[in-house]
Amino acid sequence: MKDNSLEMKLLVAYDAHADAIFRHCYFKTCERELAQDMTQDVFLKVWSYMQQKHSILNMRAFLYRLADNLVIDWYRKRKSQSLDILLDEGFEPVETDSKIEEQAEIAHSLAKLRELGADDQKLLTLRFVEDLSPGEIAEIVGQNENTVSVRIHRAVTRLRDLLQ
Amino acid sequence: MNPFPQKLLQYLRSIKLSDTERAALRTTLIAHMRESSARRAIPSPWTWSLYIKPAQVAFLSLLIVVGYGSSMTLAADAALPGDILYHVKTRLNEPIARLVTVTSPATEAKFETLLLEKRLEEAETLDTREKLGPELTHSVREVIREQSSKAKKKIKDAEDMSGVQILSVATSTVHVATSSSESSFEKVLEKKQSKRGGDNVVDIEKGKNKRALKAVLEKHGRILEKLDLDSEKGDTEEGE
């Protein structure tokens, strides 16, 4: 495959998934600029990977996996930031003009979400925020699809219990 | 069924890159792709190194080390006193050769005498090339003295072990290197032979060693004269 078609393939993937990857990174790092850098790094890594003639079967899952690796590396370097701090520092959406009450409600829901383990949070956001299929999530987390489905189901039950 | 409260879901989904950010990242990505494609168009002369396996790297390294070591050893063999590689010759090559060659006191004596011959030849070569300055002459003289003492000791050991006089040429070389005098050599020889008794044997041995002595003197006489080993004779003097 020539470089031009590879470029096109990557740009299509970028247009389709850049926001989701950014959100995925931002949700875990709570730093907008850092999340931007990570998003950029993810696509640059994909480009290097493509140039080495490696085939990518599921681009979306591959992007999330790379993003996860970057986040893990970042966590290792800086253990202080996490979803817990996300609330402490005020995880406020800049783009939305939510009212104070709404923000309080969101903060409350986020607080419940954070009571779940990191793995459950990841499964739930991938499944219900990013709309990934259990098969794609299984590919990202490196587990069997059935196992992932069961884990998602249990996480949903736990979140519902917490939210009630 | 989505378990996320609607507002939380909306909020989470609202987190995205702004148009400016998205465009900036896209531009960076395109620039990077173009740049790396251009870079790939010129193949690096070192790309082969990416494809070789660790075992091959190890083998190549070993080959280089052995090759380098061997060529250095070979080059050192031709080194003369004052050369950079001379110490490789005397402190590495020759001890290794000694380990391989020496199997008995006789072979050891022969080997040390051979080294003495080598030292004399080196001195001759230096002299021929007119490199034998005062400082080098002094150090060469010392080396020859040291080597002749060593050879003399080994010959004595070998003779003591076997009970017969051996290596007439070797003995002559050593003697010449330490005394440079035919008459003193004869005295020593007679002394040695008389210890064993039998006039015929003495005569035969004497004749044989005299011939050997002449041959050595003929071969190395000029350089020995130049080095003037007698002038600073010390511990190498025949003490018997």
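Everything numeric in this text was worked out from a predicted model, so none of it was measured.

### Focus on the overall build of chain B
Counting secondary structure elements, chain B contains 10 helices and 0 strands. For chain B, the succession of helices and strands along the chain, N to C, is α-α-α-α-α-α-α-α-α-α. Here chain B holds 240 residues, and 35% of them are scored as buried. Of the contacts formed within chain B by residues at least 6 apart in sequence, a portion of 69% connects residues at least 24 apart. Summed over its atoms, the accessible surface of chain B is roughly 14,400 Å², and 60% of this surface lies on carbon and sulfur atoms.

### Notes on unusual backbone geometry
The backbone phi angle of Cys30(A) is positive, close to 65 degrees, even though this residue is not glycine. In this structure, Cys30(A) sits in the loop between α1 (3-29) and α2 (32-51). Not every positive phi belongs to a glycine, and Glu130(B) is a case in point at roughly 60 degrees. Position of Glu130(B) among the secondary structure elements: in the loop between α6 (105-128) and α7 (134-162).

### Let's talk about a nonpolar patch on the surface
Together, Phe59(B), Leu60(B), Leu63(B), Ile64(B) and Tyr68(B) make up an exposed nonpolar region whose accessible area comes to about 560 Å². When you line up the elements, Phe59(B) lands in helix α4 (residues 54-77).

### Some remarks on the interface of chain B and chain A
How big an interface is tends to be reported as the loss of accessible area on association of its parts. Residue-level contacts link 29 residues of chain B with 41 residues of chain A. Across the chain B to chain A interface the summed buried area is about 3,500 Å²; carbon plus sulfur atoms make up 63%. Between chain B and chain A we count 5 salt bridges in total. Of the charged contacts, one joins Arg26(B) and Asp15(A) as a salt bridge, the two residues approaching to 2.8 Å between their closest N and O atoms. Across the contact surface, chain B and chain A share 16 residue pairs in polar contact (both at pLDDT 80 or more). Contributing elements (two or more residues each) for the side of chain B that touches chain A: α1 (6-14) and α2 (19-41) of chain B. Sorting elements by how many residues they give to the side of chain B that touches chain A places α2(B) first, with 13 residues. Grouping the amino acids of the side of chain B that touches chain A by side-chain chemistry returns 14 nonpolar, 7 polar and 8 charged.

### Here we look at the environment of Ala158(B)
Residues and elements named next belong to chain B. Tracing the chain through its elements places Ala158 in helix α7. Given a relative accessible area of 3%, Ala158 falls into the buried group. In this structure the C-alpha to C-alpha distance between Ala158 and Ser104, which are 54 residues apart in sequence, comes to 8.3 Å.

### What to know about the packing of aromatic side chains
All names here are of chain A. Taken as a whole and judged by the stated rule, the model has 5 aromatic pairs over all chains. Geometrically, the ring pair formed by Tyr14 and Phe43 is edge-to-face, given 5.0 Å between the ring centres and 75 degrees between the ring planes. Of the two residues, Tyr14 sits in helix α1 while Phe43 sits in helix α2, which places them 29 residues apart along the sequence. Under the relative-accessibility criterion, Tyr14 is labelled buried at 1%. When its relative accessible area of 1% is taken as the criterion, Phe43 is described as buried.

### Notes on the pattern of salt bridges
Per the stated rule, a full pass over the model turns up 21 salt bridges over all chains. Of the charged contacts in the structure, one is a salt bridge between Glu7(A) and Arg34(B), with a shortest N-O distance of 2.9 Å. Taken together, the residues Glu7(A) in helix α1 and Arg34(B) in helix α2 connect one chain to another. By relative accessible area, which is 5% here, Glu7(A) ends up buried. A salt bridge links Arg151(A) to Asp119(A); its shortest N-O distance comes to 3.9 Å. Of the two residues, Arg151(A) is situated in helix α8 (residues 145-163) and Asp119(A) in helix α6 (residues 118-129); the sequence distance between them amounts to 32 residues. Via salt bridges that share partners, Lys89(B), Glu94(B), Arg119(B) and Glu122(B) belong to a single interconnected network.

### Points about the nonpolar core
Residues Val46(A), Leu124(A) and Phe4(B) are the most contacted members of the largest nonpolar core, which totals 60 residues. Residue contributions to this core peak at 12 residues, all from α1(A). Ignoring sequence-local partners within four residues, the contact set of Phe4(B) consists of Leu113(A), Leu124(A), Thr125(A), Phe128(A), Val129(A), Leu159(A), Leu9(B) and Leu12(B). By size, the runner-up hydrophobic cluster in this structure holds 11 residues, among which are Leu80(B), Ala123(B), Leu126(B) and Ile144(B).

Quick notes on the rules
- Residues numbered from 1 in each chain as written.
- Chains lettered and ligands numbered in written order.
- Predicted model: local features only at pLDDT ≥ 70, side-chain atom pairs only at ≥ 80, totals over all residues.
- Heavy atoms only, no water.
- Helix = DSSP H or I, 4+ residues; strand = E, 2+ residues; numbered from the N terminus.
- Buried < 20%, exposed > 50% of the residue type's maximum accessible area, 1.4 Å probe, protein only.
- Contact = heavy atoms within 4.5 Å.
- Areas by Shrake-Rupley, 256 points an atom, 1.4 Å probe, with all protein chains shown as cover.
- Patch = residues over 30% accessible without salt bridge, like charges linked within 9 Å, V, L, I, M, F, W, Y side chains within 5 Å.
- Salt bridge = Lys/Arg side-chain N within 4 Å of Asp/Glu carboxyl O.
- Buried area = accessible area lost by both parts, 1.4 Å probe.
- Polar contact = N/O pair within 3.5 Å; in protein donor to acceptor, adjacent residues only side chain to side chain.
- Nonpolar A, V, L, I, M, F, W, Y, C, P; charged D, E, K, R; others polar.
- Phe/Tyr/Trp six-rings, centres within 6.5 Å; stacked < 30°, edge-to-face > 60°.
- Core = buried A, V, L, I, M, F, W, Y, C linked by side-chain atoms within 4.5 Å.

Read these as spatial facts, not as claims about activity.
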